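Descriptive analysis of the structure
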Amino acid sequence: NAGVTQTPKFRILKIGQSMTLQCTQDMNHNYMYWYRQDPGMGLKLIYYSVGAGITDKGEVPNGYNVSRSTTEDFPLRLELAAPSQTSVYFCASTGGVRAYGYTFGSGTRLTVV
Amino acid sequence: AQSVTQLDSQVPVFEEAPVELRCNYSSSVSVYLFWYVQYPNQGLQLLLKYLSGSTLVKGINGFEAEFNKSQTSFHLRKPSVHISDTAEYFCAVTLSGNTGKLIFGQGTTLQVKP
């Protein structure tokens, strides 16, 4: 099925550990985004990319890093996990937000203990 | 800077009743507006969008929204809700430009009761 695939779906991390959240899309979209969703806060943009090799910070980038070596993949790296990073993470992509809106992945639920 | 405010965090309503979910935005330039729906344990799906033209836009599942520039609002409505409409709804805005970043409201949980 075409779309945005996120792995893993669930993960528990200990404080100070690191991990990479994977995001892959097979729609040849140039634009990709990482959001975090916290209860009552909506979605906050962490990082985004407008094409392979180009990334930029969003509203809440601290504690995260990204790379975009291919059009398909946009992994999000957490270094030195902290309890404040407990959240649900969504990856999204679009070929043009005004024409198509975003296609979202199903999310990764991360708990840092 | 632009922002989006959803005025109700929760909206309880009985099945087959009408519903309105309120959304206000702030921006000094032209915006493009969206409504997304999130069913439990799923990602977000696009309900409808306003880009230009007619201020009343129709979306999937019988939802519609009206863009009101003077009141900077983009309220979502449905004349008769079903149990299956129980979900969280997000209003979002983006500006013209080439980054496509969406700014989301806080979300409104629609609870449809039998």
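Numbering of residues begins from 1 in every chain and follows the order in which that chain's sequence is written. Labels follow written order: the first chain is A, the first ligand is 1, and so on. The model is predicted, so local features are restricted to residues of pLDDT at least 70 and side-chain atom pairs to those at 80 or more, both for listing and for counting; the totals for chains, interfaces and linings are taken over all residues. Hydrogens and water molecules were not included; the side-chain quantities draw on all heavy atoms of the structure.

1. Let's talk about the overall build of chain B
A run of H or I in DSSP counts as a helix once it spans at least four residues, and a run of E counts as a strand once it spans at least two, with each numbered from the N terminus. Of the regular secondary structure elements, chain B holds 0 helices and 12 strands. Its helices and strands in sequence order give chain B the pattern β-β-β-β-β-β-β-β-β-β-β-β, from N to C terminus. We compute the radius of gyration over the C-alpha atoms and compare it with the globule rule, which gives 2.2 Å times the number of residues raised to the power 0.38. Here the C-alpha atoms of chain B give a radius of gyration of 14 Å, agreeing with the 13 Å that 2.2 N^0.38 yields for 114 residues. Dimensions of chain B along its principal axes, counting C-alpha atoms only, are 45 × 30 × 20 Å. Buried, partly exposed and exposed residues are distinguished by accessible area as a fraction of the type maximum, computed with a 1.4 Å probe on protein chains only: under 20%, between the cut-offs, and over 50%, respectively. Counting the 114 residues in chain B, one finds 43% classified as buried. Between two residues, a contact is recorded if the distance between any of their heavy atoms is within 4.5 Å. Summarising the internal contacts of chain B: among those between residues at least 6 apart in sequence, 56% fall at separations of at least 24. Total accessible area on chain B is roughly 5,400 Å²; 50% of this is exposed by carbon and sulfur atoms. We treat Lys and Arg as the positive residues and Asp and Glu as the negative residues; His and chain ends play no part in the count. Charge placement uses NZ in Lys and CZ in Arg. For Asp and Glu, CG and CD serve respectively. Side chains of chain B give 8 positive and 8 negative charges; the mean places of these two sets differ by 9 Å. In these tables, accessible area is a Shrake-Rupley quantity obtained with a 1.4 Å probe, and a residue counts as shielded only by the protein chains included in the view.

2. As for the sheet that holds strand E8 (residues 76–78) of chain A
All names here are of chain A. Taken in spatial order, the 4 strands of this open sheet run E1-E3-E8-E7, and their pairing is antiparallel. This sheet does not close on itself; its edge strands, each paired only once, are strand E1 (4–7) and strand E7 (64–66). Neighbour-to-neighbour, the strand axes of the sheet open up by a mean angle of 20 degrees, direction not taken into account. Pairing between E7 and E8: 3 bridges, direction antiparallel. Paired with Tyr 64 across the strands is Leu 78, a residue of E8. Whether two strands pair depends on DSSP finding at least two bridges between them. Here an angle of 0 to 180 degrees is reported between the N-to-C directions of two axes, which are lines fitted to C-alpha atoms, with helices fitted over the stretch in contact.

3. Focus: the state of the cysteines
The bond known as a disulfide is covalent and runs between the sulfur atoms of two cysteines. Any pair of cysteine sulfurs within 2.5 Å is marked as a disulfide. What the rule picks out here adds up to 2 disulfides over all chains. The disulfide that involves A:Cys23 links it to A:Cys91, with 1.9 Å between the sulfurs. Taking the torsion about the S-S bond as the criterion, the A:Cys23 to A:Cys91 disulfide, at about -70 degrees, is left-handed. Placement of A:Cys23 in strand E3 (residues 19–25) and of A:Cys91 in strand E9 (residues 87–94) is noted, with a sequence separation of 68 residues between them. Comparing A:Cys23 with A:Cys91, the two get one shared label, buried. Two residues share a disulfide in this structure: B:Cys23 and B:Cys91, whose sulfurs sit 2.0 Å from each other. Note on the B:Cys23 and B:Cys91 pair: the S-S dihedral is about -65 degrees, so by sign convention the disulfide is left-handed. Taken as a pair, B:Cys23 in strand E4 (residues 23–26) and B:Cys91 in strand E10 (residues 87–95) lie far apart in primary sequence, 68 residues in all. Comparing B:Cys23 with B:Cys91, the two get one shared label, buried.

4. Looking at the packing of aromatic side chains
The aromatic pairing rule takes the rings of Phe, Tyr and Trp, using the six-membered ring of Trp, and pairs them if the centres are within 6.5 Å, calling planes under 30 degrees apart stacked, those over 60 edge-to-face and the rest tilted. Counted under the stated rule, the structure contains 16 aromatic pairs over all chains. Residues B:Tyr25 and B:Phe67 carry aromatic rings whose centres are separated by 6.2 Å and whose planes lie at 20 degrees to one another, so their mutual orientation is stacked. Here the residue B:Tyr25 occupies a position in strand E4, and B:Phe67 occupies one in strand E8 (residues 64–68), the gap between them amounting to 42 residues. The pair formed by B:Tyr25 and B:Phe67 is uniform in burial state, with each residue classed as buried. The structure contains a cluster of three or more aromatic residues connected by ring pairs, namely A:Tyr33, A:Tyr35, A:Tyr48, A:Phe90, A:Tyr102, A:Phe104, B:Phe34, B:Tyr36, B:Phe90 and B:Phe104. Only when the NZ of Lys or the CZ of Arg is both within 6 Å of the ring centre and within 35 degrees of the ring normal is a charge said to sit over the ring. Its guanidinium or amino end placed over the ring of A:Phe74, A:Arg68 lies 5.9 Å from that ring's centre, counting from NZ or CZ.

5. Things to note about the interface of chain A and chain B
Listed per partner, the contact involves 22 residues of chain A and 23 residues of chain B. In total, chain A and chain B occlude about 1,700 Å² of area from one another, counting both sides; carbon and sulfur atoms represent 56% of this. Throughout this description, the term salt bridge denotes a Lys or Arg side-chain nitrogen within 4 Å of a carboxyl oxygen of Asp or Glu. Inspection of the region where chain A meets chain B yields 0 salt bridges. N or O atoms within 3.5 Å of each other form a polar contact, as long as, within protein, one can give a hydrogen and the other can take it, and as long as residues adjacent in sequence are counted only when both atoms are side-chain atoms. Between chain A and chain B we count 7 residue pairs in polar contact (both at pLDDT 80 or more) in total. At the level of secondary structure, the elements contributing two or more residues to the side of chain A that touches chain B comprise strand E4 (31–38), strand E5 (42–51) and helix H1 (97–100) of chain A. Among the elements that take part in the side of chain A that touches chain B, E5(A) stands out by supplying 5 residues, more than any other. Side-chain classes are defined by residue name, with Ala, Val, Leu, Ile, Met, Phe, Trp, Tyr, Cys and Pro counting as nonpolar, Asp, Glu, Lys and Arg as charged, and the others, Gly among them, as polar. Its residues assigned to classes, the side of chain A that touches chain B shows 14 nonpolar, 6 polar and 2 charged. Using a 1.4 Å probe, buried area is obtained as the accessible area two parts lose upon being combined, added over both of them.

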